[in-house]
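If you want the building blocks of each chain, they are given just below.
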Amino acid sequence: MNLERLPPAGRLGHHPYERMPPDPDLDPEGEAPAPEGRPEVLAAAAAASLRVPDAARVFDELPRASIVAVSRPDAGDITPMLLSYTIEVHYKQFRWRLYKKASEVLYLHFALKRREFLEEFHEKQEQVKEWLQNLGIGEHMPVVHDEDEADDVNVPPQSDESSIRNRNVPSSAVLPVIRPALGRQHSISDRAKVAMQEYLNHFFGNLDIVKSREVCKFLEVSCLSFLPEYGPKLKEDYVSVGHLPKIQKDRKKKCCSCGLFSCCKSNWQKVWVVLKPGFLALLEDPFDPKLLDVIIFDALPHMDINGEGQISLAKEIKERNPLHFGFQVSSGGRTIKLRTRSSTKVKDWVTAINAARQPPEGWCYPHRFGSFAPPRGLMEDGSMVQWFIDGQAAFEAIASSIEEAKSEIFITGWWLCPELYLRRPFQHHGSSRLDALLEARAKQGVQIYILLYKEVALALKINSLYSKQRLLNIHENVKVLRYPDHFSSGVYLWSHHEKIVIVDNQVCYIGGLDLCFGRYDSPEHKVTDYPPVIWPGRDYYNPRESEPNSWEDTMKDELDRTKYPRMPWHDVQCAIYGPPCRDVARHFVQRWNYAKRNKALNEQAIPLLMPHHHMVIPHYKGRSKEANGEAEGKQYNDKDVDVRKPVSSTSRASCQDVPLLLPQELEPQELSNGDLNVTDLDINHSDHLNKKSFNQPLLNRKAKLDSSHQDLPMRSFVDNLSPLEPSSIRHFDSSKVDRQHMDKKWWEMQERGDQVASVFDVGQVSPRATCRCQVVRSVGQWSAGTTHIEGSIHNAYFSLIEKAEHFVYIENQFFISGLSGDDMIKNRVLEALYRRILRAEREKRRFKAIIIIPLLPGFQGGIDDGGAASVRAIMHWQYRTICRGPNSILQNLFDVIGPKAHDYISFHGLRSHGKLCDGGPFVTNQIYIHSKLMIIDDRITLIGSANINDRSLLGSRDSEIT
């Protein structure tokens, strides 16, 4: 018999039984050789109990149950064995219903009796064996084992007669269930209900019986049932699947029908399936948490299928064999087929899975912007946010979170360097090196999952293979995957560009910062470090001069510090807490599982992951406390209520409310009805374009604007607002923070003025504050295995810019975008800016778009160098976007409003300078803008990993998250 390794004690519970000492006569697989000339003899029944973890971990207190209803297949049929019982079970905060026939109750009773018999037999057998050994007669006592039922018998190695009696369910208790007392026909159900309730009370009042495997299976519970992080208990049962690799069974064990039907050679095998609100998990055994497969329910396109309005996750299928009853589940680009024992069970499964799809617990509803994740913070759900400017502040926070990790850490990035110091000066913070931090947590039992982008080695020098090898050598609890495999996937041009660190599903860091060399910096943006104090070895980084060419000694300088300055690195990172953090974790799990199936399907050391549960609040149901308060005594109306305005502002805002970036004489006015209607992105309405206000070149642009409808993917998902949904809810709305939750000490430090002592004093870190937010992303089939291409970041950019009232501030590594009708560049961020500026000119209101980008692309080589084709290409497309040619925004604005275009939009870069060393020359270098940030009216912010270009925004190319 194959003895499986017992899992270590952990959150799933502690195994109370000890493994029996190995028998020298057993073969390496744990099977006793069959003596010649007599029937095969297997291990003791006690050993069968070691085959799977103990079911006692499922219940630690008694559940409660009641009979809700009794039904008959036919009103005139009073056959007791055909009665069906609806049983409602309560355990802690969990509640579920079972539908059982009297025949299933009878089978349960026989199983309990068999267990009682084997326990008693084992006890007597051990006594005889001990007596024989005391007499010196035989060292090894042959034992009897019922191999066909081994999986269902969980016999403690030691038991006494009293404990066996405590677990006894008398046969007299089940007789009334099998044969209710005769009486009037209409009273048969009532008598059967009483009989069943009395029978259930026998084991629902005895924790020893409830813990048994037989009762646990009858109650349809498993080791995943009552883990709160995975959500409420829905449906569980055995089904058969045909897509999994063959589960290794005992090679000498065969089923009773194998000789006739060769069923053991079939690809179909029985597994335990657990349905949770966000996924379907497949287990080999209900009491072993090891996953065979997990199907994560994906956000599906909003399509009308069979008049239902949504795509069904599960549907019944017709089998050629009339004895087979099957259904299929489709999600995330995958379709798997399953079989059950009856058509009734098929219908139950299909109904349960499709019900799990629906709001508020489902994940297949296309939320605002077409995102997989709903808006958060509409109610008090614990959503909080915190931002960090530059690597010094962000790396310090990430290091602190890693040090406090208790269970698991998720990391993914475009480039990761294990030797990166997260705190500086590095000489005094050796323990803050990334590999040292991860090793310390891994030794404490924290599971660490790292997903690296596998680069095309000829194009990039980030050497992810080196990083993977270094990380895998840290500890066995560190799991690493690189993806994609370029030849097998056919993906050569696109990359995994997102940067994520998630700790315990409680805090998540997203933004532009990879955990790699060159990213650590402070607002001083020093260009020198001689002798090395802050940036050791290859961390003294200037990609315009040289990329790392060797990884043998990362503490060795790549650049001569006395000749070349480093390139300062400006970036922004964001920490989110609560439900939006688990949204990002769900995205990571989806990507990890997709990479696992494609690269490491048979690697046991690389597990599948399950997403943690949190309630999905549909955006049409969520309302803030402010909105609720305003609603009292006032009726909402789509036509006359501007829900974007802060609730407290019932009149015109004073000039003191205008951000400092705007002229102080500006007095904002209430927006017109036309400004609110951003659901329809076609601006060819009378309230959007007043033809009398523009000159003839604008009329020439009208043809381009007419085509914008087809240029924007997933238009129907962009801000389809209802009166109950505050449209100010974006990725980060800082104007709605709850001031009572802010750290007062932080504000005190801000008021010190000239006493700069920490990252708080220089404004690198915000207070942690409540927020309204939403996670958006760019993914597709190649990157995450999703059902459809999701470009919700692009949709969010367009919608937010169109709704801006005063200004748009953008920091981005690239600025490559197109106007409507541009066939070369597909993203329409530029079109949104163009429309918003024209509206400001038409309404004679001040508006400003400020764009900060790097002065030069961060690639090696001068502009005129022969090998600098990438530099020239990026500059060409950025100039084409900004000012050169008929597709640029400045030329189009000049055609309409003339020189006043510069009053509405401007472009900037940053530069720093310093001395190379004592007595050395002064040098200067650009500050490389790597952040991916947009701020709207000092109220709404987008922070993430997405650049403004087609690679990041279209969804079918680079994977991004914001």
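Residues numbered from 1 in each chain as written. Predicted model: local features only at pLDDT ≥ 70, side-chain atom pairs only at ≥ 80, totals over all residues. Heavy atoms only, no water.

A. How the structure looks around the overall build of the chain. Summing up its helical and strand segments, the chain has 26 helices and 29 strands in all. Residue burial in the chain is summarised as follows: out of 962 residues, 55% are buried. For the chain, long-range pairs separated by at least 24 residues make up 73% of all intrachain contacts whose partners lie at least 6 apart in sequence. About 42,400 Å² of surface is accessible on the chain, with carbon and sulfur atoms providing 52% of the total. (Helix = DSSP H or I, 4+ residues; strand = E, 2+ residues; numbered from the N terminus. Buried < 20%, exposed > 50% of the residue type's maximum accessible area, 1.4 Å probe, protein only. Contact = heavy atoms within 4.5 Å. Areas by Shrake-Rupley, 256 points an atom, 1.4 Å probe, with all protein chains shown as cover.)

B. Inspection of the nonpolar core at higher detail. The biggest cluster of nonpolar side chains holds 76 residues, and the ones touching the most others in it are Leu-280, Phe-297, Val-329, Ile-353, Ile-502 and Val-584. Top contributing element to this core by residue count: helix α14 (residues 579–599), with 8 residues. Apart from residues lying up to four places away in sequence, Val-329 is in contact with Leu-280, Ile-295, Leu-313, Ala-314, Arg-334, Thr-335, Ile-336, Leu-338 and Ile-353. Within the second largest apolar cluster, 57 residues are counted, among which are Phe-395, Ile-411, Leu-471 and Tyr-520. (Core = buried A, V, L, I, M, F, W, Y, C linked by side-chain atoms within 4.5 Å.)

C. Highlighting the pattern of salt bridges. Applying the stated criterion across every chain yields a total of 37 salt bridges. Close ionic contact of Lys-345 with Asp-237 constitutes a salt bridge, the shortest N to O distance being 3.4 Å. Of this pair, Lys-345 sits in helix α9 (residues 343–357) while Asp-237 is found in strand β4 (residues 235–241), placing the two residues 108 residues apart along the sequence. With a closest N to O distance of 2.9 Å, Asp-583 and Arg-376 form a salt bridge. Remark: Arg-376 occurs in the loop between α9 and β11 (384–389) and Asp-583 occurs in helix α14; sequence separation between them is 207 residues. Grouping residues by exposure puts Asp-583 and Arg-376 together as buried. (Salt bridge = Lys/Arg side-chain N within 4 Å of Asp/Glu carboxyl O.)

D. Main features of the packing of aromatic side chains. Summed over the entire model, instances satisfying the criterion amount to 21 aromatic pairs. Judged by centre distance (5.2 Å) and plane angle (55°), the rings of Phe-94 and Phe-226 are tilted. With Phe-94 in strand β3 (residues 94–101) and Phe-226 in the loop between α7 (213–218) and β4, this residue pair connects regions lying 132 residues apart in the sequence. Of the two residues, Phe-94 and Phe-226, both sit in the buried class. Ring geometry for Tyr-483 against Tyr-594: centres 5.9 Å apart, planes inclined by 75°, an arrangement best described as edge-to-face. Here Tyr-483, found in strand β14 (residues 478–483), pairs with Tyr-594, found in helix α14; they are 111 residues apart in sequence, far enough to count as distant. You'll find Tyr-483 and Tyr-594 in the same group, each marked buried. Cation over ring: Lys-100 sits above Phe-218, and NZ or CZ is 5.0 Å from the ring centre. The positively charged end of Arg-339 is found above the aromatic ring belonging to Trp-268, 3.7 Å away from the centroid. (Phe/Tyr/Trp six-rings, centres within 6.5 Å; stacked < 30°, edge-to-face > 60°. Lys NZ or Arg CZ within 6 Å of the ring centre and 35° of its normal.)

E. α9, seen in detail. The first and last C-alpha atoms of α9 sit 22 Å apart over 15 residues, in line with the 21 Å expected at 1.5 Å per residue. All of the buried residues along α9 are Val-346, Trp-349, Val-350, Ile-353, Asn-354, Ala-356 and Arg-357. Projected down its long axis, α9 carries its buried residues within an arc of 155°, all on one side. Of the surrounding elements, those touching the buried residues of α9 are β4, β5 (269–276), β6 (279–283), β8 (314–317), β9 (325–331) and β10 (334–340). (Expected span 1.5 Å × (residues − 1). Arc of directions from axis to C-beta.)

F. Molecular detail of the side chain of Glu-498. Structurally, Glu-498 can be placed in the loop between α13 (486–489) and β15 (500–503). According to the relative accessible area criterion, Glu-498 is buried, its value standing at 1%. Among the polar contacts made by the side chain of Glu-498, one reaches the side chain of His-587 at a distance of 2.5 Å. In this structure the side chain of Glu-498 is engaged in a polar contact, spanning 2.9 Å, whose partner is the side chain of Ser-959. Residue contacts for Glu-498: discarding those within four places in its chain leaves Thr-412, Gly-413, Trp-414, His-587, Arg-591, Ser-945, Ser-959, Glu-960 and Ile-961. (Polar contact = N/O pair within 3.5 Å; in protein donor to acceptor, adjacent residues only side chain to side chain.)

G. How the structure looks around the sheet that holds strand β26 (residues 922–929). Read from one edge of the open sheet, 3 strands run β17-β26-β25, paired in mixed fashion. For this open sheet the edge positions go to β17 (569–570) and β25 (910–915), each flanked by a neighbour on one side alone. Direction of pairing for β25 relative to β26: antiparallel, over a ladder of 6 bridges. Bridge pairing links His-913 to Thr-924 in β26. (Pairing = 2+ DSSP bridges.)

H. The arrangement of the confidence of the model for the chain in detail. Confidence along the chain averages 75 in pLDDT terms, with 67% of residues attaining 70 or more. pLDDT under 50 marks residues 1–56. Its contacts with residues more than four places away, or in other chains, come to 101 contacts. Predicted confidence is poor over residues 303–307, with pLDDT under 50, and the contacts of this stretch with residues over four places away or in other chains come to 6 contacts. (pLDDT = per-residue confidence, 0-100.)

I. Summary view of the packing of helix α21 (residues 792–803) against helix α22 (residues 829–843). Look at α21 against α22: their axes get within 8 Å of each other, and the N-to-C directions meet at 10°. One finds that α21 runs roughly parallel with respect to α22. Within the contact between the two elements, α21 uses His-794, Tyr-797, Phe-798, Ile-801 and Glu-802 and α22 uses Val-829, Glu-831, Ala-832, Leu-833, Arg-835, Arg-836 and Arg-839. (Axes fitted to C-alpha atoms, helices over the stretch in contact; angles between N-to-C directions. Parallel < 35°, antiparallel > 145°, perpendicular 65-115°, else oblique.)

J. Here's a closer look at the sheet that holds strand β28 (residues 940–943). Sheet architecture is open: 5 strands sit in the order β24-β23-β22-β27-β28, paired in mixed fashion. Each edge of the open sheet carries a strand with a single partner, namely β24 (905–908) and β28. Adjacent strand axes in the sheet meet at a mean angle of 10°, parallel and antiparallel pairs treated alike. The pairing of strand β22 (residues 807–811) with strand β27 (residues 933–936) spans 4 bridges and is antiparallel. Within the sheet, the bridge partner assigned to Tyr-809 lies in β27 and is Ile-935.

K. Expanded view of unusual backbone geometry. Cis geometry marks the peptide bond from Tyr-483 to Pro-484; its omega dihedral reads 5°. Here Pro-484 lies in the loop between β14 and α13. With an omega of -5°, the peptide bond between Tyr-530 and Pro-531 qualifies as cis. Looking at the secondary structure, you find Pro-531 in the loop between β16 (507–511) and β17.

L. Examining the pairing of β10 more closely. Sheet topology places β4 next to β10; 2 bridges connect them, and they run antiparallel. Residue pairing in the sheet places Val-241 in a bridge with Leu-338 of β10. The pairing of β9 with β10 spans 7 bridges and is antiparallel. Along β10, the bridge assignment pairs Ser-331 with Arg-334.

M. Spotlight on the packing of helix α10 (residues 390–403) against helix α11 (residues 434–443). Where α10 contacts α11, the two axes come as close as 9 Å, and the packing angle between them is 20°. With respect to α11, the element α10 is oriented roughly parallel. Crossing angle aside, the handedness with which α10 passes α11 is left-handed. Here Ala-399, Ile-402 and Glu-403 of α10 lie close against α11, whose contacting residues are Leu-434, Leu-437, Leu-438 and Arg-441. Within the contact of α10 with α11, the residues separate by chemical class into 5 nonpolar, no polar and 2 charged. (Left-handed = near helix turned anticlockwise from the far one by under 90°. Nonpolar A, V, L, I, M, F, W, Y, C, P; charged D, E, K, R; others polar.)

N. Expanded view of the environment of Trp-569. Within the fold, Trp-569 resides in strand β17. Judged by relative accessible area, Trp-569 falls into the buried class, the value being 3%. Separated by 27 residues in sequence, Trp-569 and Asn-542 have C-alpha atoms that sit 9.6 Å apart. Apart from residues no more than four positions distant in its own chain, Trp-569 is found in contact with Asp-390, Gly-518, Arg-519, Asp-521, His-525, Tyr-541, Tyr-928 and His-930. A polar side-chain atom of Trp-569 sits 3.0 Å from a polar atom in the side chain of Asp-571.

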